[in-house]
Amino acid sequence: MFILKKTTKAELKRVQATIKKELASEKIIQEIYKYIFNAEGKKTRALLCLLASKSQDKKSNNRINLASIIELLHTATLVHDDVVDESELRRGTKSVNQVWTN
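Structural notes, computed from the coordinates. Because the structure is a prediction, the values reported are computed rather than measured.

Moving on, we come to the nonpolar core. Ranked by size, the top nonpolar core spans 14 residues in total, and within it V15, L50 and A67 carry the most contacts. If you tally residues by element for this core, the top one is helix 3 (residues 44-54), at four residues.

Looking now at the environment of L89. Along the chain, L89 falls in strand 1 (residues 89-90). Those residues within four positions of L89 in sequence are excluded, and the remaining contacts are K94 and S95.

To continue, consider unusual backbone geometry. At E86, a position not held by glycine, the phi torsion is positive, near 55°. Backbone geometry places R91, a non-glycine residue, at a positive phi of 50°. Tracing the backbone through its elements, the reader meets R91 in the loop between strand 1 and strand 2 (93-94). Residue classification places R91 among the exposed positions, given a relative accessible area of 73%.

Turning our eyes to something else, we now look at the side chain of S87. When you line up the elements, S87 lands in the loop between helix 4 (60-85) and strand 1. Under the relative-accessibility criterion, S87 is labelled buried at 17%. Dropping the residues within four chain positions of it, S87 is found in contact with D81, D82, S95, N97 and Q98.

Rules used in this analysis
Residues numbered from 1 in each chain as written. Predicted model: local features only at pLDDT ≥ 70, side-chain atom pairs only at ≥ 80, totals over all residues. Heavy atoms only, no water. Core = buried A, V, L, I, M, F, W, Y, C linked by side-chain atoms within 4.5 Å. Buried < 20%, exposed > 50% of the residue type's maximum accessible area, 1.4 Å probe, protein only. Helix = DSSP H or I, 4+ residues; strand = E, 2+ residues; numbered from the N terminus. Contact = heavy atoms within 4.5 Å.

Read these as spatial facts, not as claims about activity.
Here it is as structure tokens:
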């Protein structure tokens, strides 16, 4: 079992806050954000980015921003795939395109 340090957990929270802040412009986007990022597993790529860059001499904000971008990009590709494939479910939950339409 992988146990995260408090600092890494705090950084993941900062990633979530950064994503939420950047998507706060439209109400529908906020709703979709809450729906997609409700699951805990949605932070895997962000976590890998943070862990991989930890040994580098990088500024913390740059690491948080990059992890946020990677997580958003990955999520966008999943939503796109669901739209193209007309998927009804993603991991046992209604896909975004089923809840909000294409």
